[in-house]
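Coordinate inspection notes
Each chain, letter by letter, is given below.
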Amino acid sequence: MSLPAVPRTSREVQLVAQPRGLPADSDLLVAEMPLRAPGPGEVVVRNRYFLVFPGLRTLMGDETDGVPLPPLRSGDTLFGPALGEVVAVGEGVGLRPGDEVVHLDGWREFAVLAADHCSTASGAFPDPVAHLSTGSAAYGALTRLAPVRTGDTVFVSGAAGATGVLAGQIARLLGAGRVIGSTRSAAKAARLRDEFAFDAVVVPGSAPFADLLVGAAPDGLDVVVDTVGGDQLTAAVTVARSNARIALIGALSGQLSGDRAGGSSPASVDSYRLIVQGIALRGYRGADHPDVPAEWDEQFARWLHTEQIRFPYATVQGIDHAPAALQELIEGRHLVL
Ligand SMILES: NC(=O)c1ccc[n+]([C@@H]2O[C@H](COP(=O)([O-])OP(=O)(O)OC[C@H]3O[C@@H](n4cnc5c(N)ncnc54)[C@H](OP(=O)(O)O)[C@@H]3O)[C@@H](O)[C@H]2O)c1
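First, a word on scope: everything that follows refers to the structure included in this document. Positions within a chain are numbered from 1, following the residues in the order the chain's sequence is written. This being a predicted model, a pLDDT of at least 70 is required before a residue's local features are given, and a value of 80 or more before pairs of side-chain atoms are given or counted; all residues contribute to the totals for chains, interfaces and linings. Neither water nor hydrogens contribute to the side-chain values; these are computed over all heavy atoms in the structure.

**Considerations on the site of the ligand**
What counts, and what does not: We define proximity as follows: a residue is near a molecule or strand when any one of its heavy atoms falls within 4 Å of that partner. Whenever a nitrogen or oxygen atom comes within 3.5 Å of another N or O atom, the pair is scored as a polar contact, on the condition that within protein one atom can donate a hydrogen and the other can accept it, and that pairs from neighbouring residues in sequence are kept only if both atoms are in side chains. Computed by Shrake-Rupley with a 1.4 Å probe, the accessible areas treat only the displayed protein chains as cover when residues are assessed. Numbered from the N terminus, helices here are DSSP runs of H or I no shorter than four residues, and strands are runs of E no shorter than two. Classification used: nonpolar for Ala, Val, Leu, Ile, Met, Phe, Trp, Tyr, Cys and Pro, charged for Asp, Glu, Lys and Arg, polar for all others including Gly.
The full set close to the ligand counts 21 residues, and Ala162, Thr163, Thr183, Lys188 and Gln255 are the nearest of them. Separating an oxygen atom of the ligand from a backbone N or O atom of Ala162 is a distance of 2.6 Å. Here a nitrogen atom of the ligand sits 3.1 Å away from a polar atom, N or O, in the main chain of Ile249. Surface burial for the ligand is 84%, taken as the share of its 930 Å² of free accessible area covered by protein chains. Elements with a contribution of two residues or more to the shell around the ligand: helix H3 (162-173) and helix H7 (252-255). Ranked by residue count, the leading element in the shell around the ligand is H7, at 3 residues. Its residues placed into classes, the shell around the ligand shows 11 nonpolar, 8 polar and 2 charged.

Spelled out as structure tokens, the structure:
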């Protein structure tokens, strides 16, 4: 295998200015920066893929208190999960050129980073991009916070998103009897039903969301995996059955709102209903479940190899297009399907 030569410069995506409201293309810049040689304990990784994810919007905003990643300020290079190959190593490093690794220094063509901040890509997945999947949170939610029981009715909000589309499939694999999703796009709704076996998909807008949800789940909800929050969470509580489990994974309606700073998502919830129905509602935080990622990787690899699960994603080629890709994510333009 021939390795790419290590260039003297590398392009990376930087935040020009902290956005007011949602970030625009002009808030990001692709800059060519000098690439230094690796020091002791360091490696140079050529990134092949990196993840475009909604949490970046939060990190650019003014509401990052308690967020488990550092904020992004003017001049900073964006970061996030990346998959690449080691192309140069410093002294005392166990990794070798050619090794495929996963790390958090995405949004740049080449990353110079501590070798112990890289983990070796296991090779367990039929498609190595699966290392960048956010499915661990969906799996953790559905096995730890809101365990699915055979025959349950499960509602996944934001079902056409990276996490939601896996959550729906995982729920089915764990025994759900009826799986309902939501998306704001009629085209995505059709694909969720046709290609991902969702029994019903609710598209907000034509009636109060709770009415639409009742139509899709006349007997109520046993389990909810919420990635949207806001009105959809309010409605999910209304439609939840006795002893329902609600796992909050994300809050896209607040996180991607131009009226908010990205780190808050208020929703009105009928607390009396939580009490009388014995409903459990809890946020999923990866750090509380350190055993989940390894278990998920093993299960995900098995389901992928046996073609019981599909891992859809959209790719955008070339770092020059990365700023636009973040825009497209915010606009919901990309089907992950
Ligand atoms: N707790 C954890 O450990 C954990 C782990 C991973 C992700 N998360 C969180 O989970 C959420 C989903 O992440 P993801 O990576 O799966 O997202 P994603 O795939 O990037 O989601 C993008 C989708 O969000 C939907 N969306 C955008 N704005 C929205 C709005 N105002 N209201 C409702 N939906 C909106 C759009 O879907 P439609 O066009 O289909 O409506 C869009 O396509 C995020 O909040 C993320 O931060 C949490």
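That shown, we press on.
**Structural notes on helix H9 (residues 292-305)**
Along an α-helix, a turn takes 3.6 residues, which lines up residues three or four apart on a common side. Note the following rule: Given the number of residues in a helix, its expected span is that number minus one, multiplied by 1.5 Å. Categorising residues by exposure relies on relative accessible area from a 1.4 Å probe, with only protein chains included: less than 20% of the type maximum marks a residue as buried, more than 50% marks it as exposed, and the intermediate range marks it as partly exposed. By definition, residues are in contact when any of their heavy atoms lie within 4.5 Å.
Its 14 residues place the ends of H9 20 Å apart at the C-alpha level, agreeing with the 20 Å of an ideal helix rising 1.5 Å per residue. Taken together, the buried positions of H9 are occupied by Val292, Trp296, Gln299, Phe300, Ala301, Trp303 and Leu304. In this structure, the buried side of H9 is in contact with helix H2 (135-145) and H3. After H9 finishes, the residue Glu307 shows a positive phi value of roughly 55°.

**A closer look at the packing of aromatic side chains**
Where we set the bar: Note on ring pairs: Phe, Tyr and Trp rings are taken, using the six-membered ring of Trp, and paired if centres are within 6.5 Å. Classes follow the plane angle, with under 30 degrees stacked, over 60 edge-to-face and the rest tilted.
A complete count under the given rule lists 9 aromatic pairs for this structure. Consider the rings of Phe300 and Phe311, whose centres lie 5.7 Å apart with planes at 85°: the pair is edge-to-face. Taken together, the residues Phe300 in helix H9 and Phe311 in the loop between H9 and helix H10 (322-330) connect sequence positions 11 residues apart. The same class applies to Phe300 and to Phe311, which are both buried. Each ring, one from Phe311 and one from Tyr313, has its centre 5.0 Å from the other, and the planes form 45°; the classification is tilted. Assessed through its relative accessible area of 31%, Tyr313 is described here as partly exposed. Members of the aromatic cluster, joined through ring pairs, are Phe125, Tyr139, Trp296, Phe300, Trp303, Phe311 and Tyr313.

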